Amino acid sequence: MKSFKREAYGYIKDMFIQHNMVKRTVLSFISIIIMGFAVSLFSLSGFGVDPFTSMNMNVSSVVGIGFGTYQLIINVIILLFVVIVAHRGLVGVGTIFNMIFVGYTCEFFEKLFSPLGNSSLPIRLLLLAAGIVVMCFSSSLFFTANVGVGPYDTLAFMLTRSTKIPMKWTRVMTDISVVLIGLVASGGLTALFHGNFSEIKNIGIGTVITAFCMGPLVNFFNKHLSSKILNVDYEGMSRDIAFFLIKGALIKNSLRPVTENSDSKSLSGKR
């Protein structure tokens, strides 16, 4: 119990020692609402959604649970695993926002704009293009706010720590895994083998784009918009975030308590 109390205190302390925390928290929440809207645009386009969402949409439709509720359940399971296995540096108030609101926001906007789901190809392509831009902006704002990462995003960090495989490859591994889970659960894998591509749901060019092709646009928003909204140094921002998320969160567990305390102080000063 004492250990749990120390960890809980650590989480709270980590969340509130950051510079400009109120503004970061508000912008993190706004970014999650925008992100849910972006996912709904991808879904309405019919060209596929991001890998994690594709799994959750496919499995939730099979088990008969609403997408938002199912995604919340999966995120809670991942978060509990992260809290037990990884360092608390991966978790923050932004993690909670991401866990709860992306799925429900997507459901809300998808129902609101449901007539667009039966649109012509040009309209669907516009929805896809809008989804890409909105998703990149929301992702940029969320990561620049730097108050925690999404539960699913922590899995690649944890794999990097345990296997020493570079982060870019562990993310590919997790993305492929969740897409396959969704395909198997929905019968899409069988349809793929039989060439019945029309029966494959929530996976398409949009899935590939969100998994591999959005980096440059996210970086553009980091440099020209998000860093200015949050009034942070763009050149130093990527180094600070990389240190906090990768070195701070993944290596601190292996350090001795005294070293960890001093590391935390230096990290707090950076932020």
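Residues numbered from 1 in each chain as written. Predicted model: local features only at pLDDT ≥ 70, side-chain atom pairs only at ≥ 80, totals over all residues. Heavy atoms only, no water.

**So, the packing of helix α3 (residues 51-63) against helix α8 (residues 167-186)**
Relative to each other, α3 and α8 sit at 20°, their axes nearing to 8 Å. Taken together, α3 and α8 sit at an angle that is classed as roughly parallel. Of the two elements, α3 crosses α8, and the hand of that crossing is left-handed. For the pair α3 and α8, contact is made by Pro51, Phe52, Ser54, Met55, Asn58, Val59 and Val62 and by Asp175, Val178, Val179, Ile181, Gly182, Leu183, Ala185 and Ser186, respectively. Taken together, the residues that form the contact of α3 with α8 break down as ten nonpolar, four polar and one charged. (Axes fitted to C-alpha atoms, helices over the stretch in contact; angles between N-to-C directions. Helix = DSSP H or I, 4+ residues; strand = E, 2+ residues; numbered from the N terminus. Parallel < 35°, antiparallel > 145°, perpendicular 65-115°, else oblique. Left-handed = near helix turned anticlockwise from the far one by under 90°. Contact = heavy atoms within 4.5 Å. Nonpolar A, V, L, I, M, F, W, Y, C, P; charged D, E, K, R; others polar.)

**Remarks on the packing of aromatic side chains**
Under the counting rule described, the total for this entry stands at eleven aromatic pairs. Centre to centre, the rings of phenylalanine 108 and phenylalanine 109 are 5.2 Å apart; their planes meet at 75°, and the pair counts as edge-to-face. Judged by relative accessible area, which is 17%, phenylalanine 109 ranks as buried. Here the aromatic residues Phe37, Phe108, Phe109 and Phe113 are joined through ring pairs into a cluster of three or more. (Phe/Tyr/Trp six-rings, centres within 6.5 Å; stacked < 30°, edge-to-face > 60°. Buried < 20%, exposed > 50% of the residue type's maximum accessible area, 1.4 Å probe, protein only.)

**A look at the environment of glycine 182**
With respect to the helices and strands, the residue glycine 182 is situated in helix α8. Considered as a pair, glycine 182 and isoleucine 203 are 21 residues apart in the sequence and their alpha carbons are 9.1 Å apart. With residues near it in sequence (within four places) discarded, glycine 182 still touches Met55 and Asn58.

**Some points on the environment of valine 82**
Assignment of secondary structure puts valine 82 in helix α4 (residues 67-85). As for valine 82 and threonine 154, which are separated by 72 residues in sequence, their C-alpha atoms are 7.3 Å apart. In this structure, valine 82 is in contact with Leu90, Val91, Thr154 and Met158, ignoring residues within four places of it in sequence.

**Structural notes on the side chain of serine 227**
Residue placement: serine 227 occurs in helix α11 (residues 215-229). A polar contact of 3.1 Å, which involves the side chain of serine 227, links it to the backbone oxygen of lysine 223. (Polar contact = N/O pair within 3.5 Å; in protein donor to acceptor, adjacent residues only side chain to side chain.)

**A look at the pattern of salt bridges**
A full pass over the atoms with the stated rule returns two salt bridges. A salt bridge links arginine 171 to aspartate 153; the nearest nitrogen and oxygen atoms lie 2.7 Å apart. Here aspartate 153 lies in helix α7 (residues 151-163) and arginine 171 lies in helix α8, a separation of 18 residues in the sequence. Classification of arginine 171 as partly exposed rests on a relative accessible area of 27%. Residue classification places aspartate 153 among the buried positions, given a relative accessible area of 14%. Residue aspartate 175 is joined to arginine 171 by a salt bridge in which the shortest nitrogen-to-oxygen separation is 3.3 Å. You can see aspartate 175 and its partner arginine 171 sitting in helix α8, four residues apart, about one turn around the helix. Bridged by salt links that share partners, the residues Asp153, Arg171 and Asp175 form one connected network. (Salt bridge = Lys/Arg side-chain N within 4 Å of Asp/Glu carboxyl O.)

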